[in-house]
Each structure stands twice: as C-alpha cells, then as structure tokens.
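Residues per chain are reported as follows:
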Amino acid sequence: MSGLFLGWIILALVRYNPHPRLKVVYLAPSDVTPRVEFSEGVRRSMVAAQRWYFDELEKGVTFALADPAVETVQTRHPESWYSQAGRGTDREALWRMVVTEAFSLTGGSYNDSRYIWVYFLDADLPKIPPQGGGGVGLLLRQDILNQVGMQPSCLTVGAIAHELGHAFGLPHPPDCDSHRKLDGEPECTSMSYLGCYHFPFARYQPEERKRLLRSPAFAAIDPEASRVECSQ
C-alpha cells in the first residue's frame, strides 16, 4: 500500500467523525486586543459543562472537546461595527452578521459534522443575550470577562450549558416563552429555560434528556473533570 493511498485513508477517517466535537472560537474585533488569559478560563468552563452533561444524562455520555479546544481569531471589523449590526437590541440581526462572518473566518457551518461551534465575540452589547441553535452558540463580552483570571462563575457556566442545549437542538419550552405557564413550573425551571440561573442544580425535563441523547454530539467518553467546579 503506497504512503499516498494510506494518507488518503487516514484523512478520510479523520474527516468522518460521527460525533462532532465542541470547538470554542474567541472572536476579537479588529480594534480589540485579544485577552490571552481567556483561553484558559473558557476551557475550565467547557470542562465543567462537559461534566455537568455527563452527570445529567446518566448514560455515560457527554460531548468531546476539540484539540485544541479554543482558537483565537481577529475579525475584519471594529467593535463599533457589531454595535451597529445589533442596533442595540436586535439579536437576530447581530446573530446573522456575526455568524456569517465567523463561518467565513473559521470554516464553520450550521449542523457541522465536525464541530459544535461556540463563538465568543469580544464586543460590548449588554442588551443582547447569548443565543444558540443549529450546532452553533454565540456569547458576548460579559461572558468573556466572567472567565478571565478567575474560576468561572456558576452563572456563566450555566449560560454556556443553556446555549449548548440550543446548539444540540433543544428549543425554549413554548409554554414558558409565551407565559402560558408560570416561571416556577417544571418546564420553565428546566435548564432549557430559567434553570441556567441555578446551575449546577437545575435539570432538563425527561423528554429533553431523551432528545439530547439523540444528538450526534454525545459519545461514550470520560469527562475531563471528576466533578462540576464553578464559583457561586
């Protein structure tokens, strides 16, 4: 067997992975100096979320981290460009602009067979919350600052775990979004809704766990952490 042919086989096996891994990309606008310590902090958060999903699903599975787990990318636009794209509160407009640019810079896509993409944009947009869907998550500056130089807060890891749930295919419970059910009812205290504010103690509903287990992102791997660690 020729070395070239063997190389093609290895490349094909690497490209074919039935379980996409979690890839974090730190997006620094063109006029923002990247925060070098963020990579270590966000990796601790992802390891905590990885352990939480392992414990929550109770099936010996969780998501795998990419190698390297975190990548830093300088974007083509200054911070003000993202503020204008979001027009202060327009989360959908910001999502479209940021994700389109991020895909072009990283080779990402929705429902990528290789990676679950989690983008952290270092821009100050306090009225736009984190969001996720279709194998992609987007978080902003406050979530970045909450992971720099300290043990990640449980609130921040909860926000990540919540957005990962959307990236894995879970929507908000419709009766909670429409307020047909009160915030204190089980569907609304789930991690898919308000439970992120009570991490690591909130849980998913049984049907949500079943849906998560159908996601290709989960595989029989050992989590890196022996327990969830975050700061109250």
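So, here's what we can say about the structure. Residue numbers here run from 1 along each chain, matching the order of that chain's written sequence. In keeping with the model being predicted, local features are shown solely for residues with a pLDDT of at least 70 and side-chain atom pairs are shown and tallied solely at 80 or more, while totals for entire chains, interfaces and linings include all residues. Excluding hydrogens and water, the side-chain figures rest on all heavy atoms present in the structure.

## Regarding the state of the cysteines
Working definition of a disulfide: a covalent bond connecting the sulfur atoms of two cysteines.
Logical step 1: Cysteine sulfur atoms are paired as a disulfide whenever they come within 2.5 Å of each other. Within the structure shown, the criterion is met by 2 disulfides.
Logical step 2: Across a sulfur-sulfur distance of 2.0 Å, C154 and C230 are joined as a disulfide pair. Judged by the sign of its S-S torsion, about 90°, the bond between C154 and C230 is right-handed. Of this pair, C154 sits in helix α6 (residues 154-167) while C230 sits in the segment after β7 (218-219), and the two are 76 residues apart along the sequence.
Logical step 3: Owing to a relative accessible area of 3%, C154 belongs among the buried residues under this scheme.
Logical step 4: Bridging C176 to C188, the disulfide has an S-S length of 2.1 Å. Looking down the S-S bond of the C176 and C188 bridge, the torsion is -100°, so its handedness is left-handed. Of this pair, C176 sits in helix α7 (residues 174-177) while C188 sits in helix α8 (residues 186-189), and the two are 12 residues apart along the sequence. Each member of the pair, C176 as well as C188, is classed as buried.
Logical step 5: For the protein chain, the bonded cysteines connect in the pattern 1-4, 2-3 when numbered consecutively along the sequence.
Logical step 6: Here C196 is not disulfide-linked; the sulfur of C176 is the nearest cysteine sulfur, at 12 Å.
Logical step 7: The buried category is assigned to C196, whose relative accessible area is 9%. Under the scheme used here, helices are H or I runs from DSSP no shorter than 4 residues and strands are E runs no shorter than 2 residues, and both carry numbers assigned from the N terminus. Working definition: with a 1.4 Å probe on protein chains only, accessible area under 20% of the residue-type maximum means buried, over 50% means exposed, and in between means partly exposed.

## Remarks on α6
Logical step 1: Each residue after the first adds 1.5 Å to the expected span of a helix. The first and last C-alpha atoms of α6 sit 20 Å apart over 14 residues, in line with the 20 Å expected at 1.5 Å per residue.
Logical step 2: Of all 14 residues in α6, 13 are buried; the element is thus mostly enclosed.
Logical step 3: Just downstream of α6 lies G169, where phi reads positive at about 115°.

## Digging into helix α3 (residues 79-86)
Logical step 1: Of all the residues in α3, the buried ones are E79, Y82, A85 and G86. All buried residues of α3 lie within an arc of 120° about the axis, which places them on one face of the element.
Logical step 2: Considering only its buried residues, α3 is in contact with α4 (91-106), β4 (115-121) and α5 (141-145).
Logical step 3: Just downstream of α3, R87 is the residue with a positive phi angle, here 45°. For this quantity, the arc is that covered by the directions from the helix axis to the C-beta atoms. Note on contacts: a residue pair is in contact if any heavy atoms of the two residues lie within 4.5 Å.

## A few points about the packing of helix α2 (residues 38-57) against α6
Logical step 1: Under this scheme, a helix contributes an axis fitted over its contacting stretch, all axes are lines through C-alpha atoms, and angles between N-to-C directions fall in the 0 to 180 degree range. Two elements in contact, α2 and α6, have axes whose closest approach is 9 Å; the angle formed by their N-to-C orientations is 60°. Considered as vectors, α2 and α6 are oriented oblique to each other. Relative to α6, the crossing made by α2 is right-handed. For the pair formed by α2 and α6, the contact residues are S45, M46, A48, A49 and Y53 on the first element and V157, I160, A161, L164 and G165 on the second.
Logical step 2: Classification convention: Asp, Glu, Lys, Arg as charged; Ala, Val, Leu, Ile, Met, Phe, Trp, Tyr, Cys, Pro as nonpolar; all other residues, Gly among them, as polar. A breakdown of the residues in the contact of α2 with α6 according to their chemical character gives 8 nonpolar, 2 polar and no charged. Should an angle lie under 35 degrees it is considered roughly parallel, over 145 roughly antiparallel, and from 65 to 115 roughly perpendicular; all remaining angles are considered oblique. In a left-handed crossing the near helix is turned counterclockwise from the far helix by less than a right angle, and in a right-handed crossing that turn is clockwise.

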